[in-house]
Amino acid sequence: MTSPEDNGQPPIRHANKRGAARLAAVQALYQMDVAGSGLLEITAEYEAFRLGKEVDGALYREADAQWFRAILAGVVENQKFVDPVIREALTEDWPLSRLDSTLRAILRAGVYELMKRQDVPVAVIVSEYVDIAKAFYADDEPKLVNAVLDRVSRKLRGEGKGKDAL
């Protein structure tokens, strides 16, 4: 096994590319929601001009393009199933429509992965989307993402906080 200092260690790079793909997918879902962009249009834009590219002086991390496409298309194709699951996991005083577009995008992507990507451990999915929430919010939103994804994971997979993902 190679040491953590070895930059060529494939598992670390793979996880980083998937994390970058998740972040890009959340940003693309937000853009689709706010600007009304279509799936094919937004996928082409991100792959041509954002993933692994410099935009306005900021460098986008290289992302797993296949993972990005799968999340984006999966959320769009399954939104009529994803949204009710999110609504059920939210408290009555916080309907899905009350959440801002970024938070909705984070929850939709996370719930989609919990529903359809059984090959990815619950802990990885929850942790990744909580980290994405922390990138956008400093207050209670990351806690909300954690709580909602935990509730959904317990319902859909029988796994949740304090349980092993295996």
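Data block above holds the structure.
Thresholds, definitions, all that
Residues numbered from 1 in each chain as written. Predicted model: local features only at pLDDT ≥ 70, side-chain atom pairs only at ≥ 80, totals over all residues. Heavy atoms only, no water. Salt bridge = Lys/Arg side-chain N within 4 Å of Asp/Glu carboxyl O. Helix = DSSP H or I, 4+ residues; strand = E, 2+ residues; numbered from the N terminus. Buried < 20%, exposed > 50% of the residue type's maximum accessible area, 1.4 Å probe, protein only. 1 Å grid on protein atoms, 1.4 Å probe; cavity = no way out; pocket = protein on both sides within 12 Å on 5 of 7 lines; lining within 4 Å. Points joined across faces, edges and corners; volume = space filled by probe spheres on them. Nonpolar A, V, L, I, M, F, W, Y, C, P; charged D, E, K, R; others polar. Contact = heavy atoms within 4.5 Å. Expected span 1.5 Å × (residues − 1). Arc of directions from axis to C-beta. Axes fitted to C-alpha atoms, helices over the stretch in contact; angles between N-to-C directions. Parallel < 35°, antiparallel > 145°, perpendicular 65-115°, else oblique. Left-handed = near helix turned anticlockwise from the far one by under 90°. Phe/Tyr/Trp six-rings, centres within 6.5 Å; stacked < 30°, edge-to-face > 60°. Lys NZ or Arg CZ within 6 Å of the ring centre and 35° of its normal.

Draft legend 1. Inspection of the pattern of salt bridges at higher detail. All chains considered together, the criterion is met by 9 salt bridges. As a salt-bridge pair, Arg104 and Asp33 come within 2.7 Å of each other at their nearest N and O atoms. Taken as a pair, Arg104 in helix H4 (residues 101-116) and Asp33 in helix H1 (residues 10-35) lie far apart in primary sequence, 71 residues in all. With a relative accessible area of 13%, Arg104 lands in the buried category.

Draft legend 2. How the structure looks around the layout of surface pockets. In this structure, the largest pocket spans a volume of roughly 180 Å³. Lining of the largest pocket is provided by Leu90, Thr91, Trp94, Arg98, Leu99, Asp100, Leu103, Asp140, Glu141, Leu144 and Arg151. A total of 3 residues in the lining of the largest pocket trace back to one element, the largest contributor, which is helix H6 (residues 141-157). A breakdown of the residues in the lining of the largest pocket according to their chemical character gives 5 nonpolar, 1 polar and 5 charged.

Draft legend 3. Focus on the side chain of Ser37. One can find Ser37 in the loop between H1 and helix H2 (39-49). Given a relative accessible area of 13%, Ser37 falls into the buried group. Once residues within four sequence positions are removed from consideration, Ser37 is found in contact with Gln31, Met32 and Ile42.

Draft legend 4. Main features of H6. In this model H6 runs 23 Å from its N-terminal to its C-terminal C-alpha over 17 residues, within 8% of the 24 Å that 1.5 Å per residue would give. Burial in H6 covers these residues: Pro142, Val145, Val148, Leu149, Asp150, Val152, Ser153 and Arg157. Remark: Gly158 follows H6 within two positions and exhibits a positive phi of approximately 70°.

Draft legend 5. A look at helix H5 (residues 122-136). Look at H5: 22 Å from first C-alpha to last across 15 residues, which is about the 21 Å you get at 1.5 Å a residue. Burial in H5 covers these residues: Val122, Ile125, Val126, Tyr129, Val130, Ile132 and Ala133. Angularly, the buried residues of H5 cover 155° about the axis, an arc narrow enough to put them on a single face. Residues of H5 that are exposed and point more than 90 degrees away from the buried face comprise Ala123, Lys134 and Ala135.

Draft legend 6. Main features of the packing of helix H3 (residues 65-89) against H6. As a packed pair, H3 and H6 sit with axes 9 Å apart at the nearest point and diverge in direction by 110°. Considering their axes alone, H3 and H6 lie roughly perpendicular with respect to each other. Two packed elements cross with a definite hand, and for H3 against H6 that hand is right-handed. Counted together, Val85, Glu88 and Ala89 of H3 and Val148, Arg151, Val152, Lys155 and Leu156 of H6 form the full contact between these two elements. Across the contact of H3 with H6, the residue classes break down as 5 nonpolar, no polar and 3 charged.

Draft legend 7. Layout of the packing of aromatic side chains. Counting across every chain of the model gives 1 aromatic pair. Measuring from ring centre to ring centre gives 5.6 Å for Tyr46 and Phe68, while their planes differ by 25°; the resulting arrangement is stacked. Separated by 22 residues along the polypeptide, Tyr46 in helix H2 and Phe68 in helix H3 bring together distant segments of the chain. Residue classification places Tyr46 among the buried positions, given a relative accessible area of 2%. Looking at Arg18, its charged tip hangs above the ring of Trp67, at a distance of 3.7 Å from the centre.

Draft legend 8. Broad picture of the packing of H4 against H6. Where H4 meets H6, the closest approach of the two axes is 10 Å, and the angle between their N-to-C directions is 25°. The angle between the axes of H4 and H6 places the two elements in the roughly parallel class. Regarding H4 and H6, the two cross each other, and that crossing is right-handed. Residues Leu103, Ile106, Leu107, Gly110, Val111, Glu113, Leu114 and Met115 of H4 pack against Glu141, Leu144, Val145, Val148, Leu149, Val152, Ser153, Leu156 and Arg157 of H6. Taken together, the residues of the contact of H4 with H6 break down into 12 nonpolar, 2 polar and 3 charged.

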